[in-house]
Amino acid sequence: MRVAIRLALLLAGLGFLAWAIAARPSLPKAERGRRLAEASGCFTCHGPGGIRGVANHGRKDVTVPGFEGDVMMFAKSDEEIREWIRDGVTKAKSRSESWRAARERGALRMPAYGDRFNENDLDRLVAYVNAMAGNPEPGDSLARAGLERIETLGCNGCHGAGGRLAPPNPGSLKGYVPSWDGRDFAELVRDRREFHQWVENGVSDRFAKNPAAGFFLRRAALRMPAYRDHLEPGDEDAMWAYVQWLRRTPH
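Before going into details, it helps to say that this report is about the structure given with it. (Residues numbered from 1 in each chain as written. Predicted model: local features only at pLDDT ≥ 70, side-chain atom pairs only at ≥ 80, totals over all residues. Heavy atoms only, no water.)

A separate point is helix α2 (residues 29-39). Where α2 is concerned, the buried positions are A30, E31, G33, R34, L36 and A37. Considering only its buried residues, α2 is in contact with α3 (42-46) and α8 (119-133). G41 occupies a position one or two residues after α2 and carries a positive phi of about 85 degrees. (Buried < 20%, exposed > 50% of the residue type's maximum accessible area, 1.4 Å probe, protein only. Helix = DSSP H or I, 4+ residues; strand = E, 2+ residues; numbered from the N terminus. Contact = heavy atoms within 4.5 Å.)

In structure tokens form, the structure reads like this:
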């Protein structure tokens, strides 16, 4: 009897351990950067998600720049993005008298976060800014077409810019929508065939047959839609090409 109880407790413990490992968050760098930016007040001036800057009276550019389309006007590299965040200005801009004068005229000025962020924090923030700016861009034409279709179909609404974020999803196993460049993707999509099933049906056959997976899929506030009636010929090949490009490209 004691042996049976011990065995049952052991199996229960192993089951809990397996569940804990499966449920452990694995947020991508850009999502960690987004959450850090939100917590640090960056969206106060740069607007929701950093893409709709508020008015900045006194400046000719009228508004605080957003991450989505204005980044390359102010920062030409990852290092310059880091300089903006850490020092409140790039080394190149700091040497410009006209820029310093324009800065003085503005009601709002970029703060220098200095020691508030360590190197890992800066890496995450740079990753987020780049994700919102669409950097880097796919060089392959098929992958570029896939990115365009992903945006047209609205996939970036849940998976974030370029599929690189992990927005909250209450009720899901890990509490967020998985990104396409993180470790979660490999657990959910083993190959091209399962990618097809997720896109067409909103779930893979493997997960549809798994009771535990079904429980969390039904419980999640946000659920993967079935796109079977909204796809055009070649869409899935292009989207798969983009996802593969994203997963092998450092960013």
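What follows deals with helix α5 (residues 78-87). Of the residues making up α5, those classed as buried are E80, I81, R82, E83, W84 and I85. Those residues of α5 that are buried lie in contact with α4 (71-74), α6 (91-94), α7 (97-105) and α8. G88 lies just past α5 and shows a positive phi near 80 degrees.

Scanning the model with the defined rule gives 10 aromatic pairs in all. Measuring from ring centre to ring centre gives 6.2 Å for F74 and W84, while their planes differ by 75 degrees; the resulting arrangement is edge-to-face. Of this pair, F74 sits in helix α4 while W84 sits in helix α5, and the two are 10 residues apart along the sequence. Assessed through its relative accessible area of 14%, W84 is described here as buried. Ring centres of F215 and F216 lie 5.0 Å apart, and the angle between their planes is 80 degrees; this geometry places the pair in the edge-to-face category. Overall, F216 belongs to the buried group, its relative accessible area being 18%. In this structure an aromatic cluster arises from ring pairing among F43, F67 and Y128. (Phe/Tyr/Trp six-rings, centres within 6.5 Å; stacked < 30°, edge-to-face > 60°.)

Right, let's talk about the pattern of salt bridges for a bit. Inspection of every chain in the model, using the stated rule, returns 16 salt bridges. For R82, the salt bridge goes to E79, with nearest N and O atoms at 3.9 Å. One end of the pair, R82, and the other, E79, are both in helix α5, 3 residues apart, so they sit about a helical turn from each other. For R82, a relative accessible area of 10% gives the class buried. For R192, the salt bridge identified is with D237, shortest N-O distance 2.8 Å. Taken together, the residues R192 in helix α12 (residues 192-201) and D237 in helix α15 (residues 235-248) connect sequence positions 45 residues apart. Bridged by salt links that share partners, the residues E79, R82, R86, D87, E119 and D123 form one connected network. (Salt bridge = Lys/Arg side-chain N within 4 Å of Asp/Glu carboxyl O.)

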